[in-house]
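Structural overview
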Amino acid sequence: MTTQQTHASELELLSFRLAEEEYSVDIMSVREIRGWTRATPLPHAPAHVRGVINLRGTVLPVVDLSVRLGMEPVQGDARNVIIVVQVGNQTAGLLVNAVSDILALPRSELQPPPELAADAAHSFIEALTIVEGRMIRVLDLTAVLPDDAAEAA
């Protein structure tokens, strides 16, 4: 098997915590991990957009991922982090409780989420996997970062 084939069959994920739950994103979409920075609120922004921060001269919208997924808001203190992600031309910060790990696993271990129409967060989950007995949800960043996050900036 060539290196390219190996790379295509493996996926690296950055896992993080929201409340007591573990989520992850494809590490290729992560640009950096920053410590908590208070965001400047914007009028008429969606409830999940905490506001914007200055990232080296660029205005970056910060999405409270807990609110986006229908959970209680992240309090926003020194323990929290902002994961700066990029999807296509869109860059945003995801406010999370804490970063957990970097996971490398075969794509074959990813399972599609069950069809649960009543689950509002369902459309945000791309896949599920179990690592060391922990259920980890893989987020679909294109669903998590809708156009309104870009408009908020």
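Residues numbered from 1 in each chain as written. Predicted model: local features only at pLDDT ≥ 70, side-chain atom pairs only at ≥ 80, totals over all residues. Heavy atoms only, no water.

Assigned secondary structure in the chain consists of 4 helices and 10 strands. Mapped from its N terminus to its C terminus, the chain presents α and β elements in the order α-β-β-β-β-β-α-β-β-β-β-β-α-α. Surface exposure of the chain reaches about 8500 Å², of which carbon and sulfur atoms provide 51%. (Helix = DSSP H or I, 4+ residues; strand = E, 2+ residues; numbered from the N terminus. Areas by Shrake-Rupley, 256 points an atom, 1.4 Å probe, with all protein chains shown as cover.)

With respect to the helices, strands and loops of the structure, G76 is situated in the loop between helix 2 (65-68) and strand 6 (81-87). Residues G76 and N97, spaced 21 residues apart in sequence, show a C-alpha to C-alpha distance of 8.2 Å. With near-sequence residues (within four places) excluded, G76 lies in contact with W36 and R50. (Contact = heavy atoms within 4.5 Å.)

Before going further, it helps to spend a moment on the sheet that holds strand 10 (residues 134-139). Here 5 strands make up an open sheet; going across it, the order is 8-1-2-10-9 and the pairing mixed. With one partner strand each, in any of the chains shown, strand 8 (98-106) and strand 9 (125-131) form the two edges of the open sheet. When strand polarity is set aside, the average angle formed by the axes of neighbouring strands in this sheet is 30 degrees. Relative to strand 8, strand 1 (residues 10-18) runs antiparallel, the two being bridged by 8 bridges. Bridge pairing links L14 to I102 in strand 8. (Pairing = 2+ DSSP bridges. Axes fitted to C-alpha atoms, helices over the stretch in contact; angles between N-to-C directions.)

A separate point is the sheet that holds strand 5 (residues 58-64). Hydrogen bonds between backbone groups are what pair the strands of a sheet, and the pairing can be parallel or antiparallel. Taken in spatial order, the 5 strands of this open sheet run 3-6-7-5-4, and their pairing is mixed. The strands lining the two open edges of the sheet, one partner per strand, are strand 3 (30-35) and strand 4 (49-55). Adjacent strand axes in the sheet meet at a mean angle of 30 degrees when their direction is disregarded. The pairing of strand 3 with strand 6 spans 5 bridges and is antiparallel. Considered in strand 6, the bridge of R34 is made with I82.

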